[in-house]
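# Close look at the chain arrangement
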Amino acid sequence: MNKLPSARMPAVWHVLALLWLVMAALVAGHQWQFWHTASLDSDVLALLPQDEHAPEVSAATRRLAEQTSRQVVVVLGGKDWEQVRAAAAAHRAAVAAAPGGLKPLAGLDAAGLAQVLDFYRPYRDRLLTDAQRRQLSDSPPAELLQTALGALYQPGVSLKLSAWVSDPLALWPQWWAQRAGESRARLRDGWPWFSAEGMDWVVLVYELPGPAFAMDGSTPVTNTLAQAAAAIQLPGLRVVSTGIALHAEAAAAQANREVNTIGWGSLAAVLLLVWLAFRSLRPIVLVSLSLLLGCATALTVTALVFGKVHLLTLVFGSSLVGVAEDFGIHYFATRQSRPGQTRWTVMGELLPGLALALTTSVLAYLVLGLAPFPGLRQIAVFSSVGLLAAFLTVVCWFPWMDRGAVPLSRFAQRIALSLDSVPVLRARPIMWVLSLAVAVFLALGMARLQNNDDIRQLQGSPKALIDAQRELGRLLALPSPAQFYLVRGQNAEQVLQREETLKQALGLLAAQGVVGGWRAVSDWVPSQARQQADAALTARAEAAVLAGVAQQLDETFTRPAFAPQPLGVDQWLAHPASAVARALWLGEVNGQISSVVMLQGVSGPTALPRLAQLADGVQGVRWVDTTANVSSLLGRYRVSMLALLAGGYAVVFLALFWRYRGDAWRAWVPTLLASALSVAIQGFVGMPFQLFNVLALVLLLGMGVDYGIFLLEHRGDRSAWLAIVLGAASTLLSFGLLALSSTPALQAFGFTMACGVTLVWGLSPFFRPLESSPP
């Protein structure tokens, strides 16, 4: 673009400023709506990729988490039952009086049990355990008759003869006893009770009516439970609380703190650097405006594209401050060194270089979006749009709004002149010695490097919550949500039949002590085929028994009528009786009806291969080990992203060679060397190498090459070096602050970026061309 000698601002800048003003007004309107609708997501599973080999497993895992995401479980334990029961009543009353919105889950008290019994009573004749089924099929009629007579002559039965006639073999109590065996909790004085570790415990289950986190970082549910626990005031009482809702709320509060720390901390650092360099409020205000509008536009576009914005996107996006300010800093650094040029002339000269820097950075962010991680795609869109919006703000508004001179500061002068003290590398003997030393350092560091793709690196929940979850799982013998069977079929009947086939095979492993038990929907709603067969079996056996007893007692007994139709899944789901196992029924997932069979008491890690092998023999059943599956997936994508990174370096070098020919290596080698050294340093400090380190290296490629590009584009221009130093320092502060994150994945990303940016910043001036060399 040619220089514009006129002192008047060209009309094109007026048009651009007005168009961008209209866009800014639209963004402001959406922001007001966004922050009033709570369109944030805290589910860590939303960050994970779809398994390319089994997308239905990923979908089922998310659905299973959704089923229980709004439940909170609290157990209270003590030595004295009366005190524990009183404490439970006080806890429930305190929760009901609090504004958190928690409500007790229906069906867990005496009234709820009576309601459940009434629901199942019409189907009593078709609810049998495996042992009862064998008993009715294999026992001689005389043996069944003696069983019925024994039940009849029990004390008190004569007063309830009608109840005996409806169940002469006492089948129903045995079926309920097996259902109760799936949980340690029993009703005692109207409360769900169990005994463990020499104490009596009460189980309280609450439900949330809405999202499990607040936009402002507050923790209303956690506070409600803490206040309820504090209100009890009983010595020796133990209170354990857990639930996905508490983890989500903690994640939201943590994200709020980190956004404030990283976002505002990096913003303060950037503005301090701008003040020290330019000694004027105008650059501070305008740079702040570009950052604010960049982040707001990024948030708006991300929300419109994805529907919801993940909390980690905000945490990561807050580091965008350290990148987006580069455009404004380059503008003011050039204005400071060229006081005689008009604002739009300066912008016209800078525009090609700024556009090239924008392109390389956006491409690096978009490469992150190539990985099939919904969370990374959000981050890629957020960051790319944020950079583009900050760039447009600088280009469209700065020449229009920047109406004064930029004073020259001693701080800026010292930085600009510091370039002269950095020698240019030449082919001398000392260079071969340094190259050998660097090669040895790289070899030793990478030899120490260890890979770790464990999914638990994505989990940043507080240790207290994790410990509480483990303790509750131990006390109640809860099944692990990390391993389960996924059962799929064309309809509900097929799914239930496949569950029953699976349970038969599991029964053999249970007899060998491999598993302690399982939980399945078919335990509560048998398949229609099973119900019809059991109803016919029960009818034959009970009719013969009633006839035999009637003959011996010279009485007439009439077997009562039961429900004419089998119990259906939809009917069961619509009733509170399904609360105990409703989460196991996933409904339609990827075009098929799906359910989950959870395991209890798995003997250990050595049992997992046998459990996985068991699924191979049952059609429509798949073994899911969430931790192992996703960790393996992360490992595969780490390898593929490394290959993509290598390809990226090749493409960047070709682009640089097309523009700079023989000098292309000067912009390319510093970033390559900084990336390799960062990995080696990670090996020396013992930090495991994982996917997020690779993603940081991808981003470093797009950002680090910019330093070399500017040194090549503006050979010997000290104002360009000033802009590079200020930009690198602010980028380092922003991404370095990610190391303060409580999420291990973000810590790893921040560590790699901090090392890489520092190294490429320090190495780039050594590789710059001589000022006298041709461009």
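Refer to the preceding data block for the structure.
Another point: the overall build of the chain. Scanning the chain from terminus to terminus reveals 27 helices and 13 strands. The 775 residues of the chain split such that 53% are buried. Counting only contacts in the chain whose residues sit at least 6 apart along the sequence, the fraction spanning at least 24 positions is 83%. Of the roughly 33900 Å² that the chain leaves accessible, carbon and sulfur atoms contribute 62%.

A few words on the pattern of salt bridges. This model, assessed by the stated rule, comprises 23 salt bridges. Measuring nitrogen to oxygen at the nearest pair gives 2.8 Å for the salt bridge that ties Arg133 to Asp130. Pair noted here: Arg133 and Asp130 are both in helix H5 (residues 130-138), with a separation of 3 residues, about one helical turn. Look at Arg133 and you get buried, because its relative accessible area is 16%. The partner of Arg133 in a salt bridge is Asp534, and the shortest N-O contact between them spans 2.9 Å. Here Arg133 is found in helix H5, whereas its partner Asp534 is found in helix H20 (residues 528-553), with 401 residues between them in sequence. Overall, the relative accessible area of 2% leaves Asp534 in the buried class.

The next subject is the packing of helix H23 (residues 626-660) against helix H24 (residues 664-685). Across the interface, H23 lies against H24 with an axial gap of 8 Å and an inter-helix angle of 155 degrees. Put simply, H23 runs roughly antiparallel to H24. In this structure, H23 contributes Tyr649, Val652, Phe653, Leu656, Phe657 and Tyr660 to the contact, and H24 contributes Ala664, Trp665, Ala667, Trp668, Thr671, Leu672 and Ser675.

This part is about the side chain of Gln378. The topology assignment puts Gln378 in helix H15 (residues 374-401). Polar contacts involving the side chain of Gln378 include one to the main-chain carbonyl oxygen of Lys308, which spans 2.8 Å. Contacts of Gln378, omitting those with residues within four sequence positions, involve Thr302, Phe306, Lys308, Val309, His310 and Thr313.

Time to look at the nonpolar core. Counting 92 residues, the largest nonpolar core has Phe735 and Met753 as its most contacted members. The greatest single-element share of this core, amounting to 17 residues, is contributed by helix H25 (residues 691-713). Judged by nonpolar contacts, the second largest core, of 52 residues, contains Leu64, Ala563, Val596 and Leu608.

Of all 9 residues that make up strand E6 (residues 199-207), 8 are buried, and the element is covered over most of its length. For strand E2 (residues 71-78) and E6, the ladder comprises 8 bridges, and the chain directions are antiparallel. Across the sheet, residue Val75 finds its bridge partner in E6, namely Val203. Bridge analysis of strand E3 (residues 103-104) against E6 gives 2 bridges, and the strand direction is antiparallel. Opposite Pro104, over in E6, you have Tyr206 as the bridge partner.

For the rest of this paragraph, the subject is unusual backbone geometry. The phi torsion at Asp189 lies on the positive side, around 55 degrees, for a residue other than glycine. Locating Asp189 in the fold gives a position in the loop between strand E4 (186-188) and strand E5 (191-196). Positive phi, normally seen in glycine, also occurs at Glu197, with a value near 55 degrees. Looking at the secondary structure, you find Glu197 in the loop between E5 and E6.

In this structure, Gln336 sits in helix H13 (residues 321-337). Beyond its immediate chain neighbours, meaning those up to four positions away, Gln336 contacts Ala277, Phe278, Val406, Pro407, Leu408, Ser409, Ala412 and Leu722.

The next point concerns the environment of Leu759. Checked against the element boundaries, Leu759 lands in helix H27 (residues 744-763). In this structure the C-alpha to C-alpha distance between Leu759 and Pro670, which are 89 residues apart in sequence, comes to 8.0 Å. Dropping the residues within four chain positions of it, Leu759 is found in contact with Ala674, Leu677, Ser678 and Ile681.

Here the focus is helix H1 (residues 11-34). Here H1 spans 35 Å end to end across 24 residues, near enough to the 34 Å set by a 1.5 Å rise per residue. The complete set of buried residues in H1 reads Trp13, Ala17, Trp20, Ala24, Val27, His30, Gln31 and Phe34.

So, on to the packing of helix H16 (residues 410-417) against helix H26 (residues 718-736). At their nearest, the axes of H16 and H26 sit 8 Å apart, and the two run at 105 degrees to each other. One element, H16, and the other, H26, form an angle in the roughly perpendicular class. Listed contacts from H26 to Phe411, Ala412, Ile415, Ala416 and Leu417 of H16 are Arg718, Trp721, Leu722, Val725 and Leu726. Split into classes, the residues belonging to the contact of H16 with H26 amount to 9 nonpolar, no polar and 1 charged.

Before going further, it helps to spend a moment on the environment of Trp572. For Trp572, the location among the structural elements is in helix H21 (residues 569-573). Classification of Trp572 by relative accessible area gives buried; the value is 0%. Separated by 10 residues in the primary sequence, Trp572 and Arg582 place their C-alpha atoms 8.9 Å from one another. In this view, Trp572 contacts Phe119, Tyr120, Val521, Trp524, Val525, Ala577, Ser578, Ala581 and Arg582; residues no more than four positions away in its chain are not counted.

Attention now moves to a nonpolar patch on the surface. Residues Leu436, Val440, Phe441, Leu444, Phe684 and Val685 make up a contiguous nonpolar surface patch of about 530 Å² in total accessible area. Within the residue set of the nonpolar patch, elements represented by two or more residues are helix H17 (429-448) and H24. The dominant element in the nonpolar patch, judged by the number of residues it contributes, is H17, at 4 residues. Along the chain, Phe441 turns up in helix H17.

Thresholds, definitions, all that
- Residues numbered from 1 in each chain as written.
- Predicted model: local features only at pLDDT ≥ 70, side-chain atom pairs only at ≥ 80, totals over all residues.
- Heavy atoms only, no water.
- Helix = DSSP H or I, 4+ residues; strand = E, 2+ residues; numbered from the N terminus.
- Buried < 20%, exposed > 50% of the residue type's maximum accessible area, 1.4 Å probe, protein only.
- Contact = heavy atoms within 4.5 Å.
- Areas by Shrake-Rupley, 256 points an atom, 1.4 Å probe, with all protein chains shown as cover.
- Salt bridge = Lys/Arg side-chain N within 4 Å of Asp/Glu carboxyl O.
- Axes fitted to C-alpha atoms, helices over the stretch in contact; angles between N-to-C directions.
- Parallel < 35°, antiparallel > 145°, perpendicular 65-115°, else oblique.
- Polar contact = N/O pair within 3.5 Å; in protein donor to acceptor, adjacent residues only side chain to side chain.
- Core = buried A, V, L, I, M, F, W, Y, C linked by side-chain atoms within 4.5 Å.
- Pairing = 2+ DSSP bridges.
- Expected span 1.5 Å × (residues − 1).
- Nonpolar A, V, L, I, M, F, W, Y, C, P; charged D, E, K, R; others polar.
- Patch = residues over 30% accessible without salt bridge, like charges linked within 9 Å, V, L, I, M, F, W, Y side chains within 5 Å.

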